[in-house]
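Residues per chain are reported as follows:
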Amino acid sequence: MSAELELISVEITRNKCKPLLIKLWYRPPNSTTCLFDHLQNILRSTELEKKEFMLMGDLNCDLLSIEPHCCYTKRLNEITTNVQLEPVIHEPTRITKDSSTLIDVMFFTNVSKVSQSGVIHAGLSDHSMIYAILGKLINHNTVNKQKHKYKF
């Protein structure tokens, strides 16, 4: 199997905020562990840029695995810990009649900025959608609403 890393990077610039780099990675099942070495090099260079960044995708590493010795999951946990990435998703993203796994993942350098995250089981695929909302949520019930009456 080829040792090519299927990774896309997107940079989002926002006013008065650090740029946000989003790394989207697909790791084919049963690919070699050398892909993790490539990923580690990319994430280390990203960390040196001093930007907030997120790693997400179908990594085929079950973060809910009760087998901590799984070489893929163990290697992913080592890498993300070393570059201070924390998981944002904590529930299964792929549910079959035989198993529930968390293989569609999202890690972020600053989880305190995540106001909401989760999994949407839409039934479109055997994988569920994951999401995260960065920033404050506005409670529309507490927004100051004023009515103005004008006479003409």
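All of the points below concern the structure found in this document. Keep in mind it's a predicted model, so treat the numbers as computed, not measured.

## Regarding the overall build of the chain
- Looking only at helices and strands, the chain features 2 helices and 9 strands.
- Split into buried and exposed, the 152 residues of the chain put 32% on the buried side.
- As displayed, the chain has an accessible area near 10,100 Å², and 54% of this comes from carbon and sulfur atoms.

## Regarding the pairing of strand β3 (residues 52–58)
- Summarising burial for β3: 7 of the 7 residues are buried, a large majority.
- Of the two faces of β3, the one carrying E52, M54, M56 and D58 and the one carrying F53, L55 and G57 are both buried.
- Pairing geometry for strand β2 (residues 20–26) and β3, over 5 bridges, is parallel. Note on β3: the bridge partner recorded for K23 is L55.
- Chirality of the crossover, the property in question, places the unit of β2, helix α1 (residues 34–48) and β3 among those that are right-handed.

## A look at α1
- For α1, spanning 15 residues, the distance from its first C-alpha to its last is 22 Å, which sits close to the expected 21 Å at 1.5 Å a residue.
- Structurally, α1 contributes buried residues whose contacts are with β1 (6–12), β2, β3 and α2 (71–82).
- K50 sits one or two residues past α1 and shows a positive phi near 60°.

Rules and cut-offs
- Residues numbered from 1 in each chain as written.
- Predicted model: local features only at pLDDT ≥ 70, side-chain atom pairs only at ≥ 80, totals over all residues.
- Heavy atoms only, no water.
- Helix = DSSP H or I, 4+ residues; strand = E, 2+ residues; numbered from the N terminus.
- Buried < 20%, exposed > 50% of the residue type's maximum accessible area, 1.4 Å probe, protein only.
- Areas by Shrake-Rupley, 256 points an atom, 1.4 Å probe, with all protein chains shown as cover.
- Pairing = 2+ DSSP bridges.
- Right-handed = clockwise from strand over helix to strand, strands pointing away.
- Expected span 1.5 Å × (residues − 1).
- Contact = heavy atoms within 4.5 Å.

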